[in-house]
Amino acid sequence: MKLHTKILLGLVCGAAVGVTTNLVTGAGPGTQRLVSLLTEPIGKIWLSSLIMVVIPLIVSTLSLGVAGLGSLRRLGRIGLITIVSFLGLTALSTALGLLLMNVIRPGHGLDPAVKTQLMETYKGQTEGAMGLSGNALNIDLLVRIVPRNPVQAAASGDMLAVIFFSLMIGVALTLIPTEKATPMISFLDSLGHITVAIIGLVMKVAPIGVFCLIFSVTARFGFALLVNLLQYVLTVVAGLAIFQFVGYPVILTLVSCWNALDFFRRIRIVMITAFSTSSSNATLPTTMRTSEESLGIPREIGGFVLPLGATMNMNGTALFEGATVLFLAQVFGVHLTLSAQLVVVVMSVLTAIGTAGIPGGSIPLLMMVLGMVGVPMEGIAIILGVDRLLDMCRTTLNVTGDLVTATIVARFEGITPRPALVDPE
Ligand code: ASP
């Protein structure tokens, strides 16, 4: 059986067993214990083993990618196309989220009793996130992109700083004489291969990791909550689905000259991994491998676009943020004028760039946007219970958007790869 089929099986079985357990036991203490002592730790260990290789992977692929581009001029051109594509896709997806919320208006129908109950239930978690949101997006974020200490930046998972340092190594490699650059290039190349080998091992047990992650989410999930928030959840998921299955295909066809069905077929393992991990970072190793082996995108392009994308390009997150701000504004009776909604679009795009590619990474930043447009930040409590489900869906979009951008860049570079269909396993 192919790896992606096994992972899909893990996903479906995890969801089926989890939902059944939830319905039978009502997510009682026994289920809570099973999840917190067995399935959640196993899922977390698997997730950590993927995230463990992200820093060495970014350092090796990004610096080699930049060095492989050969000149600052080419780097500038590719950098520009990449950033324009990231910003364009993110702005479009946010606009779609806002449009749907304006048309469907699920916030107006929410029962005030449900609202009060949810805010009470998720008060603790909200306060935790509130602490993080204070310094989530400020000028310091920009300053920190240039690390004083790259090792410390890597240790604290400061991705933008790691990216910056890796870019600088790549640029420097193109500036020094070949005989001086060669040892470092071989070292980075070897490091890249080592990370790929580790990922190969970790992905072998992906079906078990995915089963445990999905079981933990569904066994504990408040399905009663879902009923109350169904309109909101369906609106966000519809927005994500439209962008994924209509928006991207249009762009793929018109800009990248890719057949969308063929594209989705080739990247299905990436979509499944993103959906089950809810983490762009944890998916990055699979994204990179798929880009090269299944889409045939040259290593230097994928090596540049994808690590940047995993941190900066979050189309699904921005759609979710825009839609949620509007939903909560409706719930709290805050009227957002067209210009306020424009602020929401801009802020969602900016905060999506600053969002960490981990489960729930966008919540602190989302709270900040809420505060900016005058919607009570504590309102986030209303959606926290269904966030994991939405996170799974939006992360799928986030990583698909990175690969779409990689095809756009490849196209602008005159490369239209059509390798034989290979499953990366
Ligand atoms: N989980 C998302 C990601 O890793 C970030 C978020 O929207 O919370 O891409």
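Refer to the structure printed above.
Calculation rules
Residues numbered from 1 in each chain as written. Predicted model: local features only at pLDDT ≥ 70, side-chain atom pairs only at ≥ 80, totals over all residues. Heavy atoms only, no water. Disulfide = S-S within 2.5 Å. Buried < 20%, exposed > 50% of the residue type's maximum accessible area, 1.4 Å probe, protein only. Near = heavy atom within 4 Å. Polar contact = N/O pair within 3.5 Å; in protein donor to acceptor, adjacent residues only side chain to side chain. Areas by Shrake-Rupley, 256 points an atom, 1.4 Å probe, with all protein chains shown as cover. Helix = DSSP H or I, 4+ residues; strand = E, 2+ residues; numbered from the N terminus. Nonpolar A, V, L, I, M, F, W, Y, C, P; charged D, E, K, R; others polar. Phe/Tyr/Trp six-rings, centres within 6.5 Å; stacked < 30°, edge-to-face > 60°. Lys NZ or Arg CZ within 6 Å of the ring centre and 35° of its normal. Core = buried A, V, L, I, M, F, W, Y, C linked by side-chain atoms within 4.5 Å. Contact = heavy atoms within 4.5 Å. 1 Å grid on protein atoms, 1.4 Å probe; cavity = no way out; pocket = protein on both sides within 12 Å on 5 of 7 lines; lining within 4 Å. Points joined across faces, edges and corners; volume = space filled by probe spheres on them.

Visitor: How would you summarise the state of the cysteines if you had to cite specific residues and measurements?
Guide: Inspection of every chain in the model, using the stated rule, returns zero disulfides. There is no disulfide at Cys212, and the cysteine sulfur nearest it, in Cys13, is 12 Å away. Judged by its relative accessible area of 5%, Cys212 falls in the buried class. Between Cys393, a cysteine without a disulfide, and Cys13, which holds the nearest cysteine sulfur, the sulfur-to-sulfur distance is 19 Å. Accessibility expressed as a relative area gives 18% for Cys393, which makes it buried.

Visitor: Before we move on, can you summarise the site of the ligand with the specific residues and values?
Guide: Around the ligand sit 17 residues in total, of which Ser280, Thr317, Asp391, Arg394 and Asn398 are the nearest. For the ligand, an oxygen atom lies 3.3 Å from a polar atom in the backbone of Gly357. In this structure, a nitrogen atom belonging to the ligand sits 3.2 Å away from a side-chain N or O atom of Thr395. Isolated, the ligand exposes 270 Å² of accessible area, and the fraction of that covered by the protein chains is 100%. Among the elements that take part in the shell around the ligand, helix α22 (residues 387-412) stands out by supplying four residues, more than any other. The class makeup of the residues in the shell around the ligand is four nonpolar, 11 polar and two charged.

Visitor: Quick one: what's the story with the packing of aromatic side chains, residue by residue and with numbers?
Guide: The description of an aromatic ring pair uses the distance of the two centres, along with the angle that the planes make with each other. Counted by the stated rule, this structure contains six aromatic pairs. Judged by centre distance (5.1 Å) and plane angle (75°), the ring pair of Phe243 and Tyr248 falls under edge-to-face. The same class applies to Phe243 as to Tyr248, namely buried. With a centroid separation of 5.7 Å and 70° between ring planes, the pair formed by Phe263 and Phe264 is classed as edge-to-face. We classify Phe263 as buried; its relative accessible area is 0%. In this arrangement the basic side chain of Arg394 is found over the ring face of Phe320, its NZ or CZ atom lying 3.9 Å from the centre.

Visitor: Lay out the nonpolar core in plain terms, naming residues and giving numbers.
Guide: Counting 123 residues, the largest nonpolar core has Leu229, Tyr232, Phe263, Phe304, Phe327, Ile382 and Val386 as the members making the most contacts within it. If sequence neighbours within four positions are ignored, Phe263 has contacts with Leu252, Trp258, Leu295, Thr400, Leu403, Val404 and Thr407.

Visitor: Kindly report on the layout of surface pockets, identifying the contributing residues and their values.
Guide: Volume-wise, the largest pocket comes out at about 1,500 Å³. Around the largest pocket sit 44 residues that line it, and Ile358, Pro359, Gly360, Gly361 and Asp391 are the ones nearest its centre. In terms of residue count, helix α2 (residues 29-51) provides more of the lining of the largest pocket than any other element does, five residues in total. The class makeup of the residues in the lining of the largest pocket is 20 nonpolar, 16 polar and eight charged. Taken as a whole, the second largest pocket spans an internal volume of roughly 480 Å³. Residue lining of the second largest pocket: 21 residues in total, with Leu142, Ile145, Leu160, Met312 and Ile353 positioned closest to the centre. Breaking the lining of the second largest pocket down by element, the ones donating at least two residues are α4 (72-104), α7 (139-143), α9 (159-175), α17 (299-312) and α19 (338-354). Residue composition of the lining of the second largest pocket, grouped by class: 18 nonpolar, three polar and no charged.

Visitor: Can you explain the environment of Val344? Please cite residues and give values.
Guide: Turning to its location among the elements, Val344 is positioned in helix α19. Given a relative accessible area of 0%, Val344 falls into the buried group. For the pair formed by Val344 and Leu234, sequence separation is 110 residues and the distance between their alpha carbons is 21 Å. Beyond its immediate stretch of four places on either side in the chain, Val344 contacts Leu98, Gly322, Val325, Leu336 and Val373.

Visitor: Can you tell me about empty space enclosed by the protein, naming the residues and giving the values?
Guide: Using the criterion set out here, one finds two cavities of 30 Å³ or more in the structure. What the largest cavity holds in volume is close to 70 Å³. What lines the largest cavity is a set of 16 residues, and nearest its centre among them are Thr317, Ile358, Asp391, Thr395 and Asn398. In terms of residue count, the dominant contributor to the lining of the largest cavity is α22 (four residues).

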